[in-house]
Amino acid sequence: MKTKNIFLGCLFASFTFLGSAQEIVLKGKELFGDITARQIGPALMSGRIIDMEVHPTNAQIIYTGTAGGGVWKSNDGGATYAPIFEEHIQSIGQVAIDPNDPDKTIWVGTGEIWTRNSVSIGDGLYRSKDGGVNWDKMGFDKSERISGIEIHPENSDVVYVAVLGALWSDSTERGIYKTTDGGKTWNNILYIDEKTGAADFMMDPNNPDVLYASMWDHRRTAWDFNSGGTGSGLHKSTDGGKTWNKIHNGFPEGMLGRIGIAVAPSDSNRIYAVIESEKDKGLYRSTDAGANWEKTNGDFALTVRPFYFSRIVVDPKDPDVVVKGGLSGSISKDGGETFVALGNMHSDIHDIVFDINNSDMMHVGTDGGIYRSWNQGTTMEIVSNLPLSQFYHISVDDAEPYRIYGGLQDNGSWYGPSSSPGGIEARDWVRVGVGDGFRVLKHPTKEVLYSEMQGADNVWRYDMERNYTKNVKPLAVTGYDDLRFNWNAPMTVSAHQPDRFYMGSQYVHVSEDMGDTWNIISPDLTTNDPAKQPTKSGGLSNDTSGAEKHTTIFTIAESPMDEKVLWVGTDDGNVQITRDGGKNWSNVTANITGLPANTWVYHIEASVHGKGTAYAVFDGHARGDMKPYVYKTKDYGVTWTSIVTDDIPLFARNIQEDYENEDLLFLGAEDGLYITVNGGKNWSHFTNNFPHTAIHFLDLQKKTNDLVAGTHGRGVIILDDISTLRQVTQDVLTKKVHFFDTKTGTMVEEGGFGGGSTELEFVGRNPGTSLQLKYYLKKRHTFGKMSLEIQDMDGNKVSTLSPGKSKGINIVNWNYTSKAPKNAAGKTLSFGAFQPLRAKAGTYKAVMKKGKDTYETTFTIQNDPKSFITAKEREAQYTTATSLFNIQEDLAYMVYKMDGMITSGEKAIEANPKAKKVAQPLIDELNALKNTLVITSGDNYVDSAPPQLREKLGTLYSDVAANFEAPSQAQLENFKLLSDRFAKAKVDLEKITSKRLSKFTKYMDKAGLPAMDLKSKEDFLK
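Residues numbered from 1 in each chain as written. Predicted model: local features only at pLDDT ≥ 70, side-chain atom pairs only at ≥ 80, totals over all residues. Heavy atoms only, no water.

Caption draft 1: How the structure looks around the packing of aromatic side chains. Summed over all chains, the structure comprises 34 aromatic pairs. Ring geometry for Phe140 against Tyr177: centres 5.0 Å apart, planes inclined by 85°, an arrangement best described as edge-to-face. Of this pair, Phe140 sits in the loop between strand S11 (136-137) and strand S12 (146-151) while Tyr177 sits in strand S14 (residues 175-179), and the two are 37 residues apart along the sequence. Assessed through its relative accessible area of 10%, Tyr177 is described here as buried. Grouped by ring-pair contacts, the aromatic residues Trp216, Phe225, Phe307, Tyr308 and Phe309 constitute a single cluster. The lysine or arginine in question, Arg439, covers the ring of Phe554, its NZ or CZ lying 5.2 Å from the ring centre. (Phe/Tyr/Trp six-rings, centres within 6.5 Å; stacked < 30°, edge-to-face > 60°. Helix = DSSP H or I, 4+ residues; strand = E, 2+ residues; numbered from the N terminus. Buried < 20%, exposed > 50% of the residue type's maximum accessible area, 1.4 Å probe, protein only. Lys NZ or Arg CZ within 6 Å of the ring centre and 35° of its normal.)

Structural data, given as structure tokens:
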């Protein structure tokens, strides 16, 4: 049945004049209506955690800010979490709980602060006054990354915000800000320069006027990263931010980089700082509130990758217990003199919080989600219901159900099903790679896939049936330069030659034998700019991991219409095309107007609607340009047209065209999914169960028409069957009501077992199997009657449905059933009351009555094509189920008539005791018979009575009607037995009424009592 339509908001429709025509443009939920996304995770590998905060007085409440998956709240001590920030940008830098109103007031600063090359961006500061249900924007739109929020413990109007600022460019919105009016106005109270932001910020837990701010001079480009500079340093204020002083006495000499700080809650004089510097980097400790410092430890585990691991945390009760984030995380119990690694968990530790009452209990945020420990970090347990997986790329195959493949940030590569019995569980996902996983592509005809690891360090060909892996990475050859592979190196499988496999370095490599042998079919297609090919990266801390490898090919697209047409896009801005299989190449970048030079070509989509048609998505955020750039060509790149509008506020990474309607396009942007139904004239942000998370790749499954999104923070999200959007035309939008084409419904014959996950584990939702009726309403139906029926082709009612009444696209589900049989009244419930009769395969119509108007559409439903059941068996099942249905309704009417006679007799006796002589025998005999037909005592649980005819019929009917096969011999024999019992009951009733009823009726007439008023069977069954 149709669930209540939740899209009640009336948004807006705009009208564009095209000559004399008036184009109707619907936006958002007015267009998408009931179309809803399906989040399937996975959560077994989870994703990067940025910040964790514990309620100051209730240890059961914990907030978690994530890299790309929003803010999550736990109400059970971290056992489970639920999202509370879905309608806003999902990249989080800091969460803060108001100590004066901890149950309701929460602040969130957006923008991830662990600044690796793939970080998402933020769009400012938010506040909730109702525990995370609703949020208000509080400014800092251009901050990009907020690293700290501190609230005065006695005055909620006084709030400090630390802004790390832009990662890829200069910006003035950096430093420490203060408000004294609850966020209405903000003053910048500590600012260094356009390259230096606040990396860490703390308020003295015992004196709110004492503040510590770590300032960090840094800059990332697509090809380099520099940490450290003259702006870096540690500052202290003792007057609420009015004045600041550097506190470097005892610091290492030379340039400073990122500094992480922590003040011991139990001793404000004890401060720890982990310092990145030119010389003598390590952990430093002060015992006099920062006046003097001494180095306590310089272990690699404490100093590795400061841009990524700078969080340091002190036990709230013991100033000697210190925990430092890092590759594995380290804990010291002697004030930082010595450290040991935390227990076994995912690498890359970013935050740690202690239970407020029990320091043995810790919550740890990693690149692979959240872990909990009950013994101060010695052993760890993962939280299994946080679907925060960060996909770089996804693809789908043609299996049934189809499988989804993809690689994740620091969590390897995997594939899993689009549906699974009981829901998509962790056990359904299969690992096919390690490290940072990127592209995973299935061979078109074989159970073989290709999987790659960061920078093409490994390119695996994996035989899925034999569980066998071979590394098929292209290697350098004579006559060519050393190969430069992007961190996310491109791979493509040919649609024309199944064994053909492409890869890109600065050259295009092609293999005709699934990677066993390779040929280079292009010159260097990049700018090959030596300035963008540094040998070292990292600044004060060398971090040459390969993630900044530049001047490389990033995307390869073979035309699905011509195998000789190949498109290539590079990370340094070149769009190249060959029309002869690689013999000759043309750089068509100069033909694209309005595009800044050297803008990263993130994706090229070769169209199915024309050999020369393609789409190119450019991403300039790695140099501070947050605008989207999306272009289309129809002439092999000779001319290009921008299809971006102001509807898209941030940069995009991927575009997917519909395979049937050229005007239907899907765009994956930094803040979620955008859809156009008119070729890019207008775009709508899709937000129906789709959070504002960064989308790195999109794919369209051709058989099911499912749009599959690989997000960098919320796993895989699916829009099931987007075919309705193909039909949204101007003609449709002018109609009062329009039924879209109804996809043939399949009565899936599945009855196996699945599931088994506990409430602590994430389970991805399966697509529904019901038939979906989809229709468009030009206006919301508010007044008057509106109904929706399923009828056979002769106009007989099969089922009544609840219609959706919202403006836009409405979806009503029908589960291929009519109604359940009307059951005889009894003391308890009967199974037969809940099992509807299933419809037969064939053609039906949906009939909508809206006021005085009637609209209808026809559709078909079919039996499962994979069914093993014969037509003869299916007919036997339907005939038997129908017979049992009818007997139950006959029994129900029989009992209704008996109850009417019993009630009439009891009223007659009540009106005149003399009636007892003729009424009581009738009552007694009817009750005696009724006791054999229905349960008249007990309950459905501990005081259950033996089943009678109604219960036995209901059980048999439920078993037969719910099945697809012919009834078994045992069921048929039981049916014969119960049918005979019902036939005998009818005879017994006839005997009772012929013997007793006429006398009673005559008495009623003679006594002037009202005659029995019984409904006809037809009226009774309505």
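Caption draft 2: Here's a closer look at the packing of helix H6 (residues 916-933) against helix H8 (residues 969-1007). Interhelical geometry of H6 versus H8 gives an angle of 165° and a closest axis separation of 9 Å. Here H6 is positioned roughly antiparallel relative to H8, judged by the angle of their axes. Like other packed secondary-structure pairs, H6 and H8 cross with a definite hand, here left-handed. Residues Val918, Ala919, Pro921, Leu922, Glu925, Leu926, Leu929, Thr932 and Leu933 of H6 form the contact with H8, whose participating residues are Arg981, Ala985, Asp988, Leu989, Ile992, Arg996, Leu997, Phe1000 and Tyr1003. Of the residues assigned to the contact of H6 with H8, the class counts are 13 nonpolar, one polar and four charged. (Axes fitted to C-alpha atoms, helices over the stretch in contact; angles between N-to-C directions. Parallel < 35°, antiparallel > 145°, perpendicular 65-115°, else oblique. Left-handed = near helix turned anticlockwise from the far one by under 90°. Contact = heavy atoms within 4.5 Å. Nonpolar A, V, L, I, M, F, W, Y, C, P; charged D, E, K, R; others polar.)

Caption draft 3: Up close: the nonpolar core. Core analysis: the biggest nonpolar cluster contains 42 residues, and Leu891, Met894, Leu926 and Leu933 have the highest contact counts within it. Listed by contribution, the elements that provide at least two residues to this core are helix H5 (871-911), H6, helix H7 (949-962) and H8. Considering each element in turn, this core owes the most residues, 14 residues, to H5. If we skip the residues at most four places from it in the chain, Leu926 touches Met898, Met901, Ile902, Leu989 and Ile992. (Core = buried A, V, L, I, M, F, W, Y, C linked by side-chain atoms within 4.5 Å.)

Caption draft 4: Structural detail: the packing of H5 against H7. At a closest axis distance of 9 Å, the pairing of H5 and H7 adopts a crossing angle of 155°. If you check the angle between H5 and H7, you find them roughly antiparallel. Every pair of crossing elements has a handedness; the one defined by H5 and H7 is left-handed. Contacts from Gln877, Thr880, Ala881, Leu884, Phe885, Ile887, Gln888 and Leu891 in H5 reach Leu949, Arg950, Leu953, Gly954, Leu956, Tyr957, Val960 and Ala961 in H7.

Caption draft 5: Focus on the pairing of strand S59 (residues 706-711). Counting buried positions along S59 gives six out of six residues, so the element sits mostly inside the fold. Of the strand pairs in this sheet, strand S58 (residues 695-701) and S59 are connected by six bridges, and their pairing is antiparallel. Bridging from a neighbouring strand, Leu698 pairs with Ala709 of S59. Linking S58 to S59, which pair antiparallel, is a turn of four residues; within it Asn705 sits at a positive phi near 65°. Pairing between S59 and strand S60 (residues 716-719): four bridges, direction antiparallel. Looking at the pairing, Val708 lines up with Ile718 of S60. Here S59 folds back onto S60, and the loop between the two strands holds four residues, one of which, Gly713, carries a positive phi near 155°. (Pairing = 2+ DSSP bridges.)

Caption draft 6: Region of the structure containing the side chain of Glu605. Here Glu605 shows up in strand S50 (residues 600-606). In terms of polar contacts, Glu605 uses its side chain to reach the side chain of Gln656, at 3.2 Å. (Polar contact = N/O pair within 3.5 Å; in protein donor to acceptor, adjacent residues only side chain to side chain.)

Caption draft 7: Main features of the sheet that holds strand S56 (residues 672-676). One open sheet accounts for four strands, arranged S54-S55-S56-S57; its pairing is antiparallel. Each edge of the open sheet is held by one strand with a lone partner, namely strand S54 (652-657) and strand S57 (684-686). The average undirected angle you get between the axes of adjacent strands in this sheet is 30°. Here five bridges tie strand S55 (residues 665-669) to S56, and the two strands are oriented antiparallel to one another. Looking across to S56, one finds that Ala669 is bridged to Gly672.

Caption draft 8: Layout of the sheet that holds strand S51 (residues 614-619). Taken in spatial order, the four strands make up an open sheet running S50-S51-S52-S53, and their pairing is antiparallel. Bordering the open sheet on either side are S50 and strand S53 (641-642), each of which pairs with just one other strand.

Caption draft 9: Geometry of H6. Along its 18 residues, H6 runs 25 Å from first to last C-alpha, staying within 8% of the 26 Å computed at 1.5 Å per residue. Taken residue by residue, H6 has Ala919, Leu922, Ile923, Leu926, Leu929, Lys930 and Leu933 as its buried positions. For H6, the angular spread of buried residues about the axis comes to 140°, placing them on one side. Contacts made by the buried residues of H6 are with H5, H7 and H8. (Expected span 1.5 Å × (residues − 1). Arc of directions from axis to C-beta.)

Caption draft 10: Up close: H8. Along its 39 residues, H8 runs 55 Å from first to last C-alpha, staying within 8% of the 57 Å computed at 1.5 Å per residue. Of all the residues in H8, the buried ones are Phe975, Leu978, Phe982, Ala985, Asp988, Leu989, Ile992, Thr993, Leu997, Phe1000, Tyr1003 and Met1004. Buried residues along H8 sit against H5, H6 and H7. Following H8 by one or two positions, Gly1008 has its phi on the positive side, about 75°.

Caption draft 11: Unusual backbone geometry, seen in detail. Omega for the bond connecting Gly41 with Pro42 falls within 30 degrees of zero, at 5°, which places this linkage in the cis form. Its location among the elements puts Pro42 in the loop between strand S3 (37-41) and strand S4 (49-54). Of note, the amide linkage connecting Glu400 to Pro401 takes the cis form, showing an omega dihedral of -5°. On the secondary structure map, Pro401 appears in the loop between strand S33 (391-396) and strand S34 (403-408). Look at Ala289: it is not a glycine, yet its phi comes out positive at around 60°.

Caption draft 12: Highlighting the pairing of strand S31 (residues 369-373). With respect to burial, S31 is a largely interior element, five of its five residues being buried. Of the strand pairs in this sheet, strand S30 (residues 362-366) and S31 are connected by five bridges, and their pairing is antiparallel. Bridge pairing links His363 to Arg372 in S31. Here S30 hands over to S31 after two residues, the two strands then running antiparallel side by side. In this structure, S31 lies alongside strand S32 (residues 381-382), joined through two bridges in antiparallel fashion.

Caption draft 13: Just the environment of Trp168, in detail. Note that Trp168 resides in the loop between strand S13 (159-163) and S14. Taking relative accessible area as the criterion, Trp168 reaches 5% and is therefore assigned buried. For the pair Trp168 and Asn542, spaced 374 residues apart in the sequence, the C-alpha separation amounts to 19 Å.

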